[in-house]
Each structure stands twice: as structure tokens, then as C-alpha cells.
Amino acid sequence: TDTVTVVLTAQPASDVLIVHHGASSIALYAAQAALALGAARVDFASSDPETLALAERLGAHALQTDFGRRPRRYPIVVDYGTRAEGLDFALRCTEPEGVCQSVSLYLQPTPLPLVRMYTHGVRLCIGRCNAAALLPEVVPLIESGALRPGDVTTRVIDWNDAVDAFAEPAIKLVVRCA
């Protein structure tokens with residue numbers, strides 16, 4: 001929830017764009033959180049059809065993209081992924097004076113369009129959230145049903161099957177300890 005809480009509190013009922021080009025489950029949790037926190041509209045941009053289908057089932061509007069042309073600009077954009085073109089797309093989709101929150105880990109040097117960001121007043125916040133500190137905000141959302149993390153889970157396996165299961169693709173794999 002941290003990725004959208006601060007900005008949605010300052011700008012209630014804003015439109016939010018989630019840009020997915022990597023970690024599917026985290027991006028889907030962000031879409032759920034934005035909806036639970038009162039975003040007017042949550043769009044979910046990705047090139048992955050399976051993740052887009054799940055985002056739609058969660059209540060977001062799916063936007064198939066190759067990270068080229070932007071669909072429009074948003075006051076709040078959340079970046080989840082590993083590809084430089086995904087971050088560039090997220091920044092281009094951020095409206096003037098908007099916020100782009102990236103919880104991505106870019107292991108390679110990644111260019112930033114600093115002149116464009118400067119002239120448009122785009123704020124880039126980067127880093128992961130402190131999950132433990134957010135529990136008092138998140139637990140009531142889960143208890144009320146506004147946030148449903150289980151809906152993101154695509155596969156549940158037993159501990160004994162974990163070695164083989166981790167080699168197979170899954171949006172969100174949960175390992176059950178016996």
C-alpha cells in the first residue's frame with residue numbers, strides 16, 4: 001500500500017497507472033491497494049497477457065503495451081519491473097507535477113530523462129516499502145475485504161514440491177508448510 005498511500009492521501013480519488021515489466025505479484029498487489037484506497041481509476045499496463053487478465057479480474061483496466069507510445073498521463077504512476085524501457089514508459093506516463101513511484105531494482109545502469117522530468121516537475125521516488133511498519137494500515141484493509149492478497153496467488157504447493165515448483169513460472173507461488 002505504501003506505493004500509493006501517501007500520494008492518494010494528498011490527492012484523493014486520483015487515477016493511477018501501474019506499469020508492470022517484471023515482478024507480477026507486487027504490481028498486482030499495488031493495483032489492489034490503489035483500488036482499496038479509493039483511486040478513481042486504476043489502469044494496469046503490461047506486455048504479459050496472463051498478468052493483464054489477472055489485473056482485470058482484480059478490478060483494474062488492462063492496457064496491453066510494448067512500452068512505446070503512452071496511453072495518456074496520470075498523476076500517480078507506479079513502476080514495477082526490471083527493464084529500462086519500462087521505467088522510461090512510466091516516467092513518460094507521469095503527468096506534469098505528478099509522482100512516479102518505483103519499487104524496482106535496476107541492477108544495470110539505467111538512464112533517466114532528467115531534462116523532461118525537470119521541465120515537467122515529475123517526482124521520482126524509488127525504493128521498497130517497509131512492510132512491517134505498514135501492517136497496522138494493511139491488516140484492516142484485508143479484514144474488511146477491500147484488499148485480497150489471496151486473489152493474486154496463482155499456485156499453492158506443499159513444501160516437498162517446492163524445489164520443482166520454483167523452476168516453473170507462476171505469478172504468485174505460495175509454499176504451504178506441512
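Predicted, not measured: the structure shown is a model, and the values here were computed from it.

The rules behind the values
- Residues numbered from 1 in each chain as written.
- Predicted model: local features only at pLDDT ≥ 70, side-chain atom pairs only at ≥ 80, totals over all residues.
- Heavy atoms only, no water.
- Helix = DSSP H or I, 4+ residues; strand = E, 2+ residues; numbered from the N terminus.
- Rg over C-alpha atoms; globule rule 2.2 N^0.38 Å.
- Buried < 20%, exposed > 50% of the residue type's maximum accessible area, 1.4 Å probe, protein only.
- Contact = heavy atoms within 4.5 Å.
- Areas by Shrake-Rupley, 256 points an atom, 1.4 Å probe, with all protein chains shown as cover.
- Lys, Arg positive; Asp, Glu negative; His and termini not counted.
- Charge placed at Lys NZ, Arg CZ, Asp CG, Glu CD.
- Pairing = 2+ DSSP bridges.
- Right-handed = clockwise from strand over helix to strand, strands pointing away.
- Axes fitted to C-alpha atoms, helices over the stretch in contact; angles between N-to-C directions.
- Parallel < 35°, antiparallel > 145°, perpendicular 65-115°, else oblique.
- Left-handed = near helix turned anticlockwise from the far one by under 90°.
- Nonpolar A, V, L, I, M, F, W, Y, C, P; charged D, E, K, R; others polar.
- Phe/Tyr/Trp six-rings, centres within 6.5 Å; stacked < 30°, edge-to-face > 60°.
- Lys NZ or Arg CZ within 6 Å of the ring centre and 35° of its normal.
- Expected span 1.5 Å × (residues − 1).

Attention now moves to the overall build of the protein chain. Secondary structure assignment for the protein chain yields 7 helices and 8 strands. For the protein chain, the C-alpha radius of gyration of 16 Å lies close to 16 Å, the compact-globule estimate for 178 residues. Seen along its three principal axes, the alpha-carbon backbone of the protein chain occupies a region of about 55 × 35 × 30 Å. Within the protein chain, the fraction of its 178 residues that count as buried is 41%. In the protein chain, of all internal contacts separated by at least 6 residues, the share reaching a separation of at least 24 is 58%. In the structure as shown, the protein chain presents an accessible area of about 9500 Å², 57% of it carried by carbon and sulfur atoms. If you average the places of the 15 positive and of the 19 negative side-chain charges in the protein chain, the two averages end up 6 Å apart.

For strand 2 (residues 41-46), the buried fraction is high: 5 of the 6 residues fall into the buried class. Strand direction decides the pairing type here: strand 1 (residues 15-21) and strand 2, joined by 5 bridges, are parallel. Note that in strand 2 the partner of valine 19 across the bridge is alanine 45. This β-α-β element, strand 1 to helix 2 (residues 24-36) to strand 2, shows right-handed connectivity.

Turning our eyes to something else, we now look at the packing of helix 2 against helix 3 (residues 49-58). Relative orientation of the contacting elements helix 2 and helix 3 amounts to 20 degrees, with a least axis distance of 10 Å. Relative to helix 3, helix 2 is oriented roughly parallel. When you trace helix 2 past helix 3, the crossing you get is right-handed. For the pair formed by helix 2 and helix 3, the contact residues are Ser24, Leu28, Gln32 and Leu35 on the first element and Thr51, Leu54, Ala55 and Leu58 on the second. Partitioning the contact of helix 2 with helix 3 into residue classes produces 5 nonpolar, 3 polar and no charged.

Let us look at the packing of aromatic side chains. Applying the stated criterion across every chain yields a total of 1 aromatic pair. When the ring of phenylalanine 67 is compared with that of phenylalanine 89, the centres are 5.5 Å apart and the planes differ by 80 degrees; the resulting orientation is edge-to-face. With phenylalanine 67 in the loop between strand 3 (61-64) and strand 4 (74-81) and phenylalanine 89 in helix 4 (residues 84-92), this pair connects stretches of sequence that are 22 residues apart. For phenylalanine 67, a relative accessible area of 4% gives the class buried. The exposure class of phenylalanine 89 is buried, given its relative accessible area of 0%. The ring of tyrosine 74 is capped by arginine 72, whose NZ or CZ atom sits 4.2 Å from the centre of that ring.

Next up on the list: helix 2. Quick reminder: α-helices carry 3.6 residues per turn. Residues three or four places apart thus point the same way. With 13 residues, helix 2 should reach 18 Å at 1.5 Å per residue; the first-to-last C-alpha distance of 18 Å fits that figure. Among all positions in helix 2, only Ser24, Ser25, Ala27, Leu28, Ala30, Ala31, Gln32, Ala33 and Ala34 are buried. Immediately downstream of helix 2, the backbone of glycine 38 shows phi near 95 degrees, a positive value.

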